[in-house]
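Chains, contacts and geometry: an overview
Next come the chains, spelled out residue by residue.
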Number of protein chains: 2
Amino acid sequence: MAKEQRKPRRKGEGAGAAPARRASDRGRYGRLSRERMLASALELVDREGLSALSMRRLGAELDVEAMALYRYAASKDALLDGLVEAVHLQLEERLAAGPGSTPGTASVEAPAWRTELHRLARATYETCLAHPQVVPLLSTRMLAVPLARRPLAVLRHHERVLTLLQDAGLDATRSAATFRAFTGWVLGYVSVELQAMVDNPEEPDPSFRLGLHNMPHQELPRLREAATTLAERGGPEGLAAGLDALLDRFTRVEAERAHRPDS
Amino acid sequence: MAKEQRKPRRKGEGAGAAPARRASDRGRYGRLSRERMLASALELVDREGLSALSMRRLGAELDVEAMALYRYAASKDALLDGLVEAVHLQLEERLAAGPGSTPGTASVEAPAWRTELHRLARATYETCLAHPQVVPLLSTRMLAVPLARRPLAVLRHHERVLTLLQDAGLDATRSAATFRAFTGWVLGYVSVELQAMVDNPEEPDPSFRLGLHNMPHQELPRLREAATTLAERGGPEGLAAGLDALLDRFTRVEAERAHRPDS
DNA sequence: AGTTGTATATATACGTCGTAAACGTACAGC
DNA sequence: GCTGTACGTTTACGACGTATATATACAACT
């Protein structure tokens, strides 16, 4: 086929004619990139939720056919992992922007590795609150993707935590246990913090906002009464408090704890 | 239409003829029920994972057209909530089967409410390990479904935890904070416990099983080294240890904790 | 210049999904 | 018998993920 006939449809601006093609759209070369795609995906999910993220929709967002995305993500699952990665990259930025651990400044009661773990936890907390719609992915993908296949930024985060624990002098077993406690606590805390409570957003009265009126009355008296308090957030203080408690316990050097709470 | 002609297609066994209809299939009345549907769904998910659960597939599993399910679940999301409910019902069975809290037997160091919280946590842990594929739903639906709309079994579970905390003498604020800590810890711990680690199941060597050979070497030395230890489980002991630590902290009566770990 | 190779985006198509709407069919009570 | 209602089926539609084949734009080489 001849070359100058270049597809009259799709509002092309030929050599100087009218039909208004988008600026710097000549050709469709190099419009996309993995970064642009992930940024757009994250924005879309932040704006409209995870269920709004489809290949076609994201393509439309970027003025591109859905299939074009497959050049930058092997599958939709890979795209989701990309989102997880993007969030972890933002986490790294936040950590870099923060005050750092300023070694030598450790107060009497808190060694550097401990305050740094708190800094990590808090930065994770804040990053998650900034992208609440993505949080489900953090747990979901963690259960689906084996360690070695996780995005590099995630692995770097693991490495950071692990390094701090080992620098604290913990042996392999204990640092692994503490690692799991740290990871689990932060994830669980954030999930609870972001759990859906509000049922009817435009209702002014707190009880009605929560939709307590259509909860079984007799069967759930305490929950009904506690709901409004439960709907409040624990904030970063709660996160830090729990983390402190867990670190105290899991990094302790004593051998076996002798509590058998069951029976 | 006459009645004895009853649909020759679909392998019917008429009044004594051949084509072999399933036993007690005369008519298709009352084959389904919400219980049957949820049981089958849970079984299917346990067997083949969440992604295998579609209305059509579940219908086929029950020898029914997909649309028939909509009589027992208003939507697929409602079906997922039903799964969450089913798991919580199993949790209640497990609790009922267990030894109960036997009041008056509280040891010197552990009041009844505390050991009962441990029992709840442990039963949750075991139920989750019995249905690992459903665990993602626990976090996911908690983020999607507002409190008042959650399945009754879930709300009953909340009520139980809350009751224990209030019976321990905690005021509204503190019991809410402890409730969140409890919920978050159990959920987070289970998620970490179930996280995907194994990359190549049929590999005998632990390192190769984890797929460590295709992780960036230089950048992640500690993680690489710690991975095999990390792949081990914390078990119920880890769950109990963390829970103890959190309960100690969150139920303490002192006013404000004065730790500012960040800087 | 023209040719060729490769990176990039499109076009088309297939099977599956959730589910709205209309329809049949079996039982319960009259 | 007749009639209403609970139950399951049929059909259809639009959206989804993605395999495959194709068109286009740029770079490099001749």
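Residues numbered from 1 in each chain as written. Chains lettered and ligands numbered in written order. Predicted model: local features only at pLDDT ≥ 70, side-chain atom pairs only at ≥ 80, totals over all residues. Heavy atoms only, no water.

Some words on the relation of the copies chain A and chain B
Superposing chain A onto chain B requires a rotation of 180° together with a translation of 0.0 Å along the rotation axis, leaving an RMSD of 0.0 Å. Overall, the copies show the geometry of a two-fold rotation axis. No C-alpha of chain A lies nearer the rotation axis than that of Gly188 of chain A, which sits 2.0 Å from it. A symmetric contact is evident, with 100% of the interface residues of chain A recurring at the interface of chain B. (Least-squares fit on C-alpha atoms with pLDDT ≥ 70 in both. Contact = heavy atoms within 4.5 Å.)

Topic: the confidence of the model for chain A
Residue-level pLDDT values for chain A average 87, and 82% of them are 70 or greater. Predicted confidence is poor over residues 255–263 of chain A, with pLDDT under 50, and the contacts of this stretch with residues over four places away or in other chains come to eight contacts. (pLDDT = per-residue confidence, 0-100.)

A short note on the interface of chain A and chain B
Between chain A and chain B, the contact holds 77 residues from the first and 77 residues from the second. The contact between chain A and chain B buries some 6,500 Å² in all, and 65% of this surface belongs to carbon and sulfur atoms. On the chain A side of the interface with chain B, the three residues burying the most area are Leu143, Arg180 and Arg222 of chain A, jointly 12% of the side's total. In this structure, the connection of chain A to chain B is made through eight salt bridges. Residue Arg149 of chain A is joined to Asp199 of chain B by a salt bridge in which the shortest nitrogen-to-oxygen separation is 2.9 Å. One can count 24 residue pairs in polar contact (both at pLDDT 80 or more) joining chain A with chain B. Taken together, the elements giving at least two residues each to the side of chain A that touches chain B come down to helix H4 (112–130), helix H5 (135–144), helix H6 (152–167), helix H7 (172–193), helix H9 (221–230) and helix H10 (235–250) of chain A. Here the element with the most residues in the side of chain A that touches chain B is H7 of chain A; it accounts for 14 residues. Looking at the side of chain A that touches chain B residue by residue, the class counts come to 40 nonpolar, 20 polar and 17 charged. (Buried area = accessible area lost by both parts, 1.4 Å probe. Salt bridge = Lys/Arg side-chain N within 4 Å of Asp/Glu carboxyl O. Polar contact = N/O pair within 3.5 Å; in protein donor to acceptor, adjacent residues only side chain to side chain. Helix = DSSP H or I, 4+ residues; strand = E, 2+ residues; numbered from the N terminus. Nonpolar A, V, L, I, M, F, W, Y, C, P; charged D, E, K, R; others polar.)

Focus on the packing of H9 of chain A against helix H6 (residues 152–167) of chain B
Between H9 of chain A and H6 of chain B, the least distance of the axes is 9 Å, while the angle of their chain directions is 85°. By the angle between their axes, H9 of chain A is roughly perpendicular relative to H6 of chain B. Contact with H9 of chain A, carried on its side by Pro221, Arg222, Leu223, Ala226 and Leu230 of chain A, involves Leu155, His158, Glu159, Leu162, Thr163, Gln166 and Asp167 of chain B of H6 of chain B and no other residues of that element. (Axes fitted to C-alpha atoms, helices over the stretch in contact; angles between N-to-C directions. Parallel < 35°, antiparallel > 145°, perpendicular 65-115°, else oblique.)

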